[in-house]
Structures are given as structure tokens and as C-alpha cells.
Amino acid sequence: MSISRLIGHCKGGAAIRRLRLAGTAAIALLTASAALATGAGPIAGNPLIAVSAGPFVFGRDDGPDNERPRRVVQGRPFAINRTEITNRQYEAFVAASGHRRAFYADHPLLGLPDRPVVGVSWGDAIAFCRHYGLALPSEQQYERAARGVEGDAFPWQEGPRDEARANVGADVCCSGDERDGYPMTAPAESFAAGASREGVLNLVGNVWEWTSDVYAPYVGVSTTAAGRHRVLRGGSWNSDARHLTTTYRLAYDPDFRFAANGGFRCVRSSP
Ligand SMILES: [Ca+2]
Ligand SMILES: [Ca+2]
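Residues numbered from 1 in each chain as written. Chains lettered and ligands numbered in written order. Predicted model: local features only at pLDDT ≥ 70, side-chain atom pairs only at ≥ 80, totals over all residues. Heavy atoms only, no water.

Explanation requested: the coordination of the calcium ion (ligand 1) in the structure shown.
In an ideal tetrahedron of four donors about a metal, each angle is 109.5 degrees. In an ideal octahedron of six donors, the angles are 90 or 180 degrees. On the protein side, the calcium ion (ligand 1) has Asn 167 (OD1), Val 168 (O), Asp 177 (O), Asp 180 (OD), Asp 180 (OD) and Tyr 182 (O) as donor atoms, found 2.3 to 2.6 Å from it. Along the chain, the residues donating to the calcium ion (ligand 1) fall in the pattern N-V-x8-D-x2-D-x1-Y. Accessibility expressed as a relative area gives 17% for Asp 177, which makes it buried. Look at Tyr 182 and you get partly exposed, because its relative accessible area is 23%. (Donors = N, O, S within 2.8 Å, 3.2 Å for Na, K, Ca; no water. Buried < 20%, exposed > 50% of the residue type's maximum accessible area, 1.4 Å probe, protein only.)

Please clarify how the packing of aromatic side chains should be interpreted in this entry.
Tallied over the full model, the rule gives 14 aromatic pairs. Taken together, Tyr 90, Phe 93, Phe 128, Tyr 132 and Phe 264 form an aromatic cluster joined through their ring pairs. Geometry around Tyr 218 places Arg 71 over its ring, the cationic atom sitting 4.8 Å from the centre. (Phe/Tyr/Trp six-rings, centres within 6.5 Å; stacked < 30°, edge-to-face > 60°. Lys NZ or Arg CZ within 6 Å of the ring centre and 35° of its normal.)

I keep staring at the coordination of the calcium ion (ligand 2) and nothing clicks. Help me out?
Around the calcium ion (ligand 2), the protein contributes the donor atoms Glu 84 (OE), Asn 202 (O), Gly 205 (O), Val 207 (O) and Glu 209 (OE), which lie 2.3 to 2.6 Å from the metal centre. For the calcium ion (ligand 2), the single-chain donor residues occur in sequence as E-x117-N-x2-G-x1-V-x1-E. Of this pair, Glu 84 sits in the loop between strand E4 (78-81) and helix H2 (87-97) while Asn 202 sits in the loop between helix H4 (139-147) and strand E5 (208-214), placing them 118 residues apart in sequence. With relative accessibility at 0%, the residue Glu 84 sits in the buried group. (Helix = DSSP H or I, 4+ residues; strand = E, 2+ residues; numbered from the N terminus.)

Help me out: how do you make sense of the packing of H2 against helix H3 (residues 122-131) in this one?
Two packed helices can be described by the angle between their axes and the distance between those axes. At a minimum axis separation of 11 Å, H2 and H3 run at an interaxial angle of 75 degrees. By the angle between their directions, the pair H2 and H3 is classed as roughly perpendicular. For the pair formed by H2 and H3, the contact residues are Gln 89, Tyr 90, Phe 93, Ala 96 and Ser 97 on the first element and Asp 124, Ala 127, Phe 128 and His 131 on the second. Residue classes in the contact of H2 with H3 are distributed as 5 nonpolar, 3 polar and 1 charged. (Axes fitted to C-alpha atoms, helices over the stretch in contact; angles between N-to-C directions. Parallel < 35°, antiparallel > 145°, perpendicular 65-115°, else oblique. Contact = heavy atoms within 4.5 Å. Nonpolar A, V, L, I, M, F, W, Y, C, P; charged D, E, K, R; others polar.)

For this particular structure, what's the right way to read the pairing of strand E7 (residues 249-252)?
Remark: a regular strand shows side chains that alternate across the two faces of the sheet. Both faces of E7 are covered, namely the face carrying Arg 249 and Ala 251 and the face carrying Leu 250 and Tyr 252. Pairing of strand E6 (residues 230-233) with E7 involves 4 bridges; the strand directions are antiparallel. Along E7, the bridge assignment pairs Arg 230 with Tyr 252. (Pairing = 2+ DSSP bridges.)

I keep staring at the sheet that holds strand E9 (residues 267-269) and nothing clicks. Help me out?
Strand pairing in a sheet takes place through backbone hydrogen bonds and is either antiparallel or parallel in direction. In space, the 3 strands of this open sheet follow the order E1-E4-E9, with antiparallel pairing throughout. What marks the edges here is a single partner per strand, and that holds for strand E1 (48-51) and E9. Averaged over all pairs of adjacent strands, the angle between their axes in this sheet comes to 20 degrees, without regard to strand direction. In this structure, E1 lies alongside E4, joined through 4 bridges in antiparallel fashion. Note on E4: the bridge partner recorded for Ala 50 is Ala 79. Taken strand by strand, H4 contacts E1, E4 and E9, and its axis lies near 75 degrees from that of E4.

Written out as C-alpha cells, the structure is:
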């Protein structure tokens, strides 16, 4: 099964132009009290990590057309799961709610309890998050969590992508690669060296993650022309470098539940 069908025009170009936000330090001090608290959260074993309010860079001008424009937006505080939702966590939800199981729940590798759940539709992901009083992250929330406030290239800022930081695929699309130790999914708790500034894991790599957003270009298209596809972010265990960025937008049929490389995590937003 593949989730590699892509919608949207893409071009090369991996260099990221950095934009220094004036007064970043002062902003961080002013908004610290506006953060949602980091805490255990409602999902056993997957705490919610606080991400503070304030301006941050969203989009980029040196990548695919559908990632433009790069601009600064005002973020509200939210808290996001530290890891992708695991099979253990999804099975607990199934047991409590009667919701259908994930498509790969019994797969000998993809279904392991500590691996991220895969084989879930957008609706399955929404149902899970709602069960715990949470929601899927928006694209903006994903980017704020993955890029910090200055539009970093990766959750670990600008350092090189290597086998210690993310579970990725082969150099040429689209098969798995075990140079990082994992030919398919890796435990959701792995790759600590690739954590974001706030300590969120695997925002790039391992499994693509559903967001709440309908796919549409950021500008120039009316909402009525947006269509019905939803956006996944972050690339996965069978992605090449072009897709393993913090800005790449994968648009997909929300009802598709057969992707062995698509999962999700949840957020709690401020009221
Ligand atoms: Ca790998
Ligand atoms: Ca991921």
C-alpha cells in the first residue's frame, strides 16, 4: 500500500532562508504565561507538550508553489501529543468506544503496540482525538510545533538529516530504508535526537500525520474550490528527502484507510 500519490505542483529547492523575528526574546517572555500547561493529558503514555502563543513563520518561498507565501502569522497557545498515536493507544480507544480497529492492527510489524498506528482514515483520527476531548492539529499548528518561531528547516533546526534524527526512506522515492535501524515504522518514542525545541518527537519522518485542514493553495483559491482532500504532514518511513520537510503538503482522500505510512497525533487548543 502506498500513500505516495501527490496532489499539487512541486519543485526542488531545499535551502531555507531564515527570517529573524525582531524582539523574539521579549515575545517569548510575554507569551510564556499564555502557554497551555504541559501535562500528562488524557491519553495514557502520550503527554501533551505546551507550545506557546506568539508570531511564527508559516510557509516558504523557496519550495513548492503550494507552500507559498512565507509569512509571519500570530499563533495561539496549544498543546500537542509528544509522540504519534501508537497502536497501544489506538487499541485502548477501540476498546473504550467500539470504533473500528486500524487496518494494520494485526500486522506483525506495523501492528506492534509501541509503533505509530497506521491504516486509519481522517475520520478515524478525528474520532480518536474527540474521544479524548482533543482535535487534529491544523497545518499552522503542525508547522509551529515542527519549525519553532523562525521557520526552521527541521524540528532539530538546521542541522543535517541523518539516521539519528528521523526514520526515513530510501534516497530515491518510495521505499523503506533500514540505515536508521527501521525498514518500516519505528517505535513512537524513538529518535530523541530529532526532537523539536519543545521535545515533540518524529514531527518529520516515521509516519505522515493527518491535519484538520482541507487542501487548497494558501492564496488565490476560493474556499469553494478547495475540494475535499485533507492534508498530511512530515513524511514517513518510505519518504525521500523531497517529502521529509516541515512544509511539504500531502493532500489525500480523507476516507482512505489503507496507508501503511499514515497516522496522526492530537492537540488541545486554547478556548
Ligand atoms: Ca527507515
Ligand atoms: Ca511523523
